[in-house]
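In case you want the letters, here they are:
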Amino acid sequence: MTILDGRKTSKDIKDEIKVEVDKMKANGEKVPHLAAVIVGNDGASLTYVGSKVRACERVGFESTMIRMSNTTSEIELLDKIEELNSNDDIDGFIIQLPLPPQINTRKVLMAVNPDKDVDGFHPTNFGKMALDMSTFIPATPFGILELLDRYGVETDGKHTVIIGRSHIVGRPMSILMGRKGFPGNSTVTLTHSHTKNITQITSQADIIISALGIPNFLKAEMVKDDAVIIDVGITRVPDDSEKGYYITGDVDFEKCSKKASYITPVPGGVGPMTIAMLLKNTLLAREQHRKNRRS
């Protein structure tokens, strides 16, 4: 069994990005600039955006964190997005989710310029991804592909079962794993809350990607020997420890790892890859903007 180490792999990617940024600096070029908009005081969101800002510093990006109050109106947020869209100094930006209830999330994400949508959530970018065109791939699926690639996990002709059909992970992964090329060329089954006999399906899978958000959902009896298991779930489960909780994924890691050929831990698997690939998308956006200005 091999651990797919997201911490190490994300560090390698950040090191590679830093080399590219150092070259830009040496050539007197503008370095990538990532902005993040956070509305409200959600603790997990603040922590996540803070880690993105620190990651930018580590690779030499410029970064801007824009904090808006919990009472921000939809119009105020849309005005801020338009300001970022028209700011040539910003290469990419993200709107941290979740948003307060008075704001229509879909309307907000639609307002982001697809050329700056480094989260890869805009329908234009999703459509390009589905058509195998060059675009921003959502950061978490992008990170999973990168782990499979760098560890040389065989996907060609394999049966991949996705658990969960979210727009952020499950649905894009089902498209990406079935595309031509590597990682890809697998036969994909997308399962969800209405799927019947899910154990029968997962037990036939060569690769399982679980993005359900239910702690320890995937049990050892649901997995065949030598399966590849990618655990996207991350849940705080209350306990009697000093912190008051422990973090776990969708997979019963202790038992499933005894049957798996490759498996991601939680934490330290897919999570660190998400931020690394957000930086990668921002680097791609900077390069694209530079080419557009030349043409």
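Summary of the structure given here.

### Observations concerning the packing of helix α2 (residues 43-59) against helix α10 (residues 270-294)
Between α2 and α10, the least distance of the axes is 10 Å, while the angle of their chain directions is 55 degrees. As summarised for this structure, α2 and α10 are arranged oblique, according to the angle between their axes. Taken as a pair, α2 and α10 cross one another with a handedness that is right-handed. For the pair α2 and α10, the contacting residues are Y48, S51, K52, A55, C56 and V59 in the first and T274, I275, L278 and L279 in the second. The residue makeup of the contact of α2 with α10, split by class, is seven nonpolar, two polar and one charged.

### Here we look at the sheet that holds strand β4 (residues 92-95)
Remark on secondary structure: sheet strands pair via backbone hydrogen bonds, oriented parallel or antiparallel. Strand order in the open sheet formed by three strands is β3-β2-β4, with parallel pairing between adjacent strands. The sheet is open, and its two edges are formed by β3 (62-68) and β4, each paired on a single side. Across the sheet, the mean angle from the axis of one strand to that of its neighbour is 15 degrees, orientation sign disregarded. In the sheet, strand β2 (residues 33-39) pairs with β4 via four bridges, with the strands oriented parallel. Looking at β4, one finds that A35 is bridged to F93. Docked against the sheet, helix α3 (residues 74-85) engages β2, β3 and β4, running at close to 165 degrees with respect to β3.

### Things to note about the packing of aromatic side chains
For the structure shown, the criterion picks out zero aromatic pairs. One Lys or Arg, R236, reaches over the ring of Y245 and ends 4.5 Å from the middle of that ring.

### Some thoughts on the sheet that holds strand β1 (residues 2-3)
A sheet is described by the order of its strands in space; here six strands give the open sequence β1-β11-β8-β7-β5-β6, paired in parallel fashion. Either end of the sheet is taken by a strand with one partner, and the two such strands are β1 and β6 (187-191). The pairing of strand β5 (residues 159-163) with β6 spans five bridges and is parallel. Paired with I163 across the two strands is T191, which belongs to β6.

### Concerning a nonpolar patch on the surface
A contiguous nonpolar surface patch, about 260 Å² in accessible area, is contributed by M1, I3 and F253. Mapped onto the elements of the fold, M1 is located in the segment before β1. M1 gets classed as exposed once you look at its relative accessible area, which sits at 53%.

### Looking at the packing of helix α6 (residues 139-150) against α10
It is at 7 Å that the axes of α6 and α10 come closest, and there the two elements cross at 105 degrees. What the angle tells us is that α6 and α10 run roughly perpendicular. Listed contacts from α10 to A139, T140, F142, G143, I144, E146 and L147 of α6 are V270, M273, T274, M277, L278, K280 and N281. Residue composition of the contact of α6 with α10, grouped by class: eight nonpolar, four polar and two charged.

### Structural notes on the environment of S10
Its place among the elements puts S10 in helix α1 (residues 6-26). Each C-alpha atom of the pair S10 and T47 lies 18 Å from the other, and the pair is 37 residues apart in sequence. Those residues in contact with S10 that sit more than four places away from it in its chain are P272, M273 and A276. One polar contact links the side chain of S10 to the main-chain carbonyl oxygen of R7, over a distance of 2.9 Å.

### A few points about the nonpolar core
Residues I17, F61, I144, M173, I209, I230 and V232 are the most contacted members of the largest nonpolar core, which totals 47 residues. Among the elements that make up this core, the one with the highest residue count is α10 (nine residues). Sequence-distant contacts of I209, defined by excluding residues within four places in its chain, comprise I144, T160, V161, I162, I163, M173, M177, I230 and V232.

### A short note on the environment of H192
Inspection of the secondary structure assignment puts H192 in the loop between β6 and α8 (198-202). When the C-alpha atoms of H192 and L212 are compared, they prove to be 8.1 Å apart, with 20 residues separating the residues in sequence.

### Quick notes on the environment of K107
Examined against the element boundaries, K107 turns out to sit in helix α4 (residues 105-111). Ignoring any residue separated from it by four or fewer positions in sequence, one finds K107 in contact with E74 and L78. Looking at K107, its side chain comes within polar contact range of the side chain of E74, at 3.1 Å.

### A short note on the pairing of β3
Two strands pair when backbone bridges link them, and β2 and β3 are joined in this way by seven bridges, in the parallel orientation. Its bridge partner being in β3, I38 is matched across the sheet by R67.

### A word on the pattern of salt bridges
Taken as a whole, this structure holds 13 salt bridges when the rule is applied. The partner of D91 in a salt bridge is K30, and the shortest N-O contact between them spans 2.7 Å. Of this pair, D91 sits in the loop between α3 and β4 while K30 is found in the loop between α1 and β2, placing the two residues 61 residues apart along the sequence. By relative accessible area, D91 is classed as buried at 0%. K30 sits in the partly exposed class, given a relative accessible area of 24%. Between K80 and E83 there is a salt bridge, with its nearest N and O atoms 3.3 Å apart. With K80 and E83 both in helix α3 and three residues apart, this pair spans about one turn of that helix.

Definitions and cut-offs
Residues numbered from 1 in each chain as written. Predicted model: local features only at pLDDT ≥ 70, side-chain atom pairs only at ≥ 80, totals over all residues. Heavy atoms only, no water. Axes fitted to C-alpha atoms, helices over the stretch in contact; angles between N-to-C directions. Helix = DSSP H or I, 4+ residues; strand = E, 2+ residues; numbered from the N terminus. Parallel < 35°, antiparallel > 145°, perpendicular 65-115°, else oblique. Left-handed = near helix turned anticlockwise from the far one by under 90°. Contact = heavy atoms within 4.5 Å. Nonpolar A, V, L, I, M, F, W, Y, C, P; charged D, E, K, R; others polar. Pairing = 2+ DSSP bridges. Phe/Tyr/Trp six-rings, centres within 6.5 Å; stacked < 30°, edge-to-face > 60°. Lys NZ or Arg CZ within 6 Å of the ring centre and 35° of its normal. Patch = residues over 30% accessible without salt bridge, like charges linked within 9 Å, V, L, I, M, F, W, Y side chains within 5 Å. Areas by Shrake-Rupley, 256 points an atom, 1.4 Å probe, with all protein chains shown as cover. Salt bridge = Lys/Arg side-chain N within 4 Å of Asp/Glu carboxyl O. Buried < 20%, exposed > 50% of the residue type's maximum accessible area, 1.4 Å probe, protein only. Polar contact = N/O pair within 3.5 Å; in protein donor to acceptor, adjacent residues only side chain to side chain. Core = buried A, V, L, I, M, F, W, Y, C linked by side-chain atoms within 4.5 Å.

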